[in-house]
2 protein chains.
Amino acid sequence: MTDALDSLDWSVIRALEEDGRRPFREIGRALGVSEATIRARVRRMQESGLLRIVAFTDPARVQSPYQLALVVMRVEPSRHEAIVEALSRHPEVSYVSTVMGRADILAEVLVRDQKQLWEIVSRKIRVIEGVVDAETMLIVEVHKLRYVLPNGEAAES
Amino acid sequence: MTDALDSLDWSVIRALEEDGRRPFREIGRALGVSEATIRARVRRMQESGLLRIVAFTDPARVQSPYQLALVVMRVEPSRHEAIVEALSRHPEVSYVSTVMGRADILAEVLVRDQKQLWEIVSRKIRVIEGVVDAETMLIVEVHKLRYVLPNGEAAES
DNA sequence: GATGAAAAGTGCGCACC
DNA sequence: GGTGCGCACTTTTCATC
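Throughout, residues of each chain are indexed from 1 in the direction in which the sequence is written. The naming scheme follows written order: chains are lettered A onward, ligands numbered 1 onward. The predicted nature of this model means local features are confined to residues of pLDDT at least 70 and side-chain atom pairs, given and counted, to a pLDDT of 80 or more, with totals for whole chains, interfaces and linings taken over all residues. Hydrogens and water molecules were not included; the side-chain quantities draw on all heavy atoms of the structure.

S.K.: Would you mind showing me how to read the overall build of chain A here?
M.R.: When its secondary structure is counted, chain A shows 6 helices and 5 strands. The order of α-helices and β-strands along chain A, N terminus first, is α-α-α-β-α-β-α-β-β-α-β. All radius of gyration figures rest on C-alpha atoms, and the globule criterion is 2.2 Å times the number of residues raised to 0.38. Its C-alpha radius of gyration of 20 Å places chain A more than 25% over the 15 Å reference for a compact globule of 157 residues. For the C-alpha atoms alone, the extent of chain A along its principal axes is close to 55 × 40 × 25 Å. When contacts within chain A are restricted to residue pairs at least 6 apart in sequence, those whose partners lie at least 24 apart make up 60%. Under the convention used here, a 1.4 Å probe and the Shrake-Rupley method define accessible areas, while residue burial counts only the protein chains that appear. Accessible surface, chain A: about 7,800 Å² in total, of which carbon and sulfur atoms supply 48%. Counting rule for charge: Lys and Arg are taken as positive, Asp and Glu as negative, and neither His nor the chain ends is counted. In this description, the location of a charge corresponds to atom NZ of lysine, CZ of arginine, CG of aspartate or CD of glutamate. Here chain A contributes 22 positive and 24 negative side-chain charges, whose respective centroids are spaced 4 Å apart. A run of H or I in DSSP becomes a helix once it reaches four residues, and a run of E becomes a strand once it reaches two; helices and strands are each numbered from the N terminus. Residue contacts follow a heavy-atom distance rule, with two residues in contact if any of their heavy atoms lie within 4.5 Å.

Below, the structure written as structure tokens:
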């Protein structure tokens, strides 16, 4: 399913990385192809899940106060998948990944305050069956965050 | 500069979280206001840096092979800011945050393969002056990733 | 700030290559 | 896959409230 991207695809991606609402016609003009071609490329990439065009907000400006935390977890291997699913179901959990190293699973939690953080971590996460250990780090400030890939120019905040 | 967002702003954000290219006119119709109002709201939020509408790609589909890793770092307090800056300058470093807990700084690295990962971690990160300890976890799979806030419905992948 | 109206520009489907 | 065309719709500007 990983169709190879040609240079036109990459050019389109880079254009939309800068401005997700840039008109297809304008992109086509800049790249010397028709608008229908741009539209078809974008649709194909979107349908394959490769490309997404969405709005997102800056937590620091939108929600105040707010609290981000990373929960570093050790789990029983046999319960790994079930725990991933349980974590993912929580709306307060904004990120879940499987890792190798000191931990087995990483989970990021986004909540209003430390009281809610405690409730989520202690009453929702640590009680999941198979969770051996869960260590929390408070995220004080996010300095760099890139939403795109090294191949293209990065959109950072 | 953190202008309070009213319910109309939130409705607009939620609409654009689902589809960043949804016509303002359509959003206006759905919310019972004029299209010009929607555009004015979006422009204001974009100019303040609160809202961004961009395309992003799924690393797993776009770059193969690729390797993500989280580097959990202890640093000398007096060198904290300098280290954050040094990390942020590297294009392979996709995320940098200051945390409280077991670690002082978290850094995510996005590279092609494990050889490049080793080069970045050992030759670029661990050698930065003031880095006391750096522990690497290989990110095997990202199960959940939300780019937006708890207030609205989440856009997940 | 919000609105409606006119002009310019865009998205979309389609027939064709 | 790519393209050009036609039409409906959207964006943009601006005068108005």
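S.K.: Can you walk me through the protein's contact with DNA strand C in this structure?
M.R.: Near DNA strand C lie 13 residues; those nearest to it are A:Arg25, A:Arg39, B:Arg21, B:Thr37 and B:Arg41. Throughout, near means a residue has at least one heavy atom within 4 Å of the molecule or strand. For DNA strand C, the fraction of atoms within 4 Å of the protein that belong to sugar or phosphate moieties is 56%. For the purposes of these results, a polar contact is taken to be a pair of N or O atoms within 3.5 Å, where, inside protein, one atom must be able to donate a hydrogen and its partner to accept one; residues adjacent in sequence count only when each atom of the pair is a side-chain atom. Within the contact set of DNA strand C, a base nitrogen lies 2.5 Å away from a side-chain nitrogen or oxygen of A:Arg25. Within the side chain of A:Glu35, an N or O atom sits 3.1 Å from a base nitrogen of DNA strand C. If you list the elements that add at least two residues to the surface near DNA strand C, you get helix 2 (24-31) and helix 3 (35-47) of chain A together with helix 3 (35-47) of chain B. Throughout this entry, Asp, Glu, Lys and Arg are counted as charged residues, while Ala, Val, Leu, Ile, Met, Phe, Trp, Tyr, Cys and Pro are counted as nonpolar. The remaining residues, Gly among them, count as polar. Classifying every residue of the surface near DNA strand C gives 4 nonpolar, 2 polar and 7 charged.

S.K.: Is there a simple way to explain the UniProt feature "domain: HTH asnC-type" (unreviewed entry) in chain A in this structure?
M.R.: With numbering aligned to this structure, UniProt lists the feature "domain: HTH asnC-type" (unreviewed entry) at residues 5-71 of chain A. Within the segment residues 5-71 of chain A, helix and strand shares are 55% and 18% respectively, and the terminal C-alpha atoms sit 36 Å apart. UniProt positions are given in the numbering used here, feature names are shortened, and annotations may be inferred rather than shown by experiment.

S.K.: Whenever I open this one, the domain arrangement of chain A confuses me. Can you help?
M.R.: Interface size is commonly expressed as the accessible area that is lost once the parts come together. What the domain assignment reports for chain A is domain 1 (2-47) and domain 2 (67-138). For domain 1 of chain A versus domain 2 of chain A, the separation of C-alpha centres amounts to 38 Å. Domain start and stop positions are those given by an automatic or database domain assignment.

S.K.: Would you explain the protein's contact with DNA strand D in this entry?
M.R.: Around DNA strand D there are 13 residues in total, and A:Thr37, A:Arg41, B:Arg25, B:Glu35 and B:Arg39 lie nearest to it. Atoms of DNA strand D within 4 Å of the protein: sugar and phosphate make up 66%, bases the balance. At 3.3 Å from a phosphate oxygen of DNA strand D is found a side-chain nitrogen or oxygen belonging to A:Ser34. Within the backbone of B:Phe24, one N or O atom sits 3.1 Å away from a phosphate oxygen of DNA strand D. The set of elements that each furnish at least two residues to the surface near DNA strand D consists of helix 3 of chain A together with helix 2 (24-31) and helix 3 of chain B. Counting residues per element, the surface near DNA strand D draws most heavily on helix 3 of chain A, which supplies 4 residues. Tallied by class, residues from the surface near DNA strand D come to 4 nonpolar, 2 polar and 7 charged.

S.K.: Is there a simple way to explain the pattern of salt bridges in this structure?
M.R.: Opposite charge on two side chains permits them to pair, given that their charged atoms come into close proximity. For salt bridges, the criterion is a side-chain nitrogen of Lys or Arg within 4 Å of an Asp or Glu carboxyl oxygen. With the rule as written, the count across this model stands at 18 salt bridges over all chains. Among the salt bridges present, the one from B:Asp104 reaches B:Arg74, with a minimum N-O distance of 2.7 Å. Within this pair, whereas B:Asp104 is found in the loop between strand 3 (93-100) and strand 4 (105-111), its partner B:Arg74 is found in strand 2 (residues 67-75), the two being separated by 30 residues in sequence. Put simply, A:Asp6, A:Asp9 and A:Arg41 are held in one network by salt bridges that share partners.

S.K.: Sorry, what's going on with the pairing of strand 3 of chain B here?
M.R.: The side chains of a regular strand alternate, residue by residue, between the two faces of the sheet. A 1.4 Å probe rolled over the protein chains alone gives each residue an accessible area, and that area as a share of the maximum for its type sets the label: buried under 20%, exposed over 50%, partly exposed in between. Counting buried positions over the 8 residues of strand 3 of chain B gives 7, a clear majority of the element. DSSP bridges decide pairing: two strands pair if at least two such bridges lie between them. In terms of strand pairing, strand 5 (residues 131-145) of chain A meets strand 3 of chain B through 6 bridges, oriented antiparallel. Across the sheet, residue A:Leu138 finds its bridge partner in strand 3 of chain B, namely B:Met100. Where strand 3 of chain B meets strand 4 of chain B, 5 bridges bridge the pair, whose relative direction is antiparallel. Bridge pairing links B:Val93 to B:Val109 in strand 4 of chain B.

S.K.: Whenever I open this one, the environment of B:Met100 confuses me. Can you help?
M.R.: Mapping B:Met100 onto the fold places it in strand 3. Sequence separation between B:Met100 and B:Ile38 is 62 residues, and the spatial gap between their C-alpha atoms is 40 Å. Leaving out residues up to four positions away in the same chain, B:Met100 has contacts with A:Thr136, A:Met137, A:Leu138 and A:Val140.

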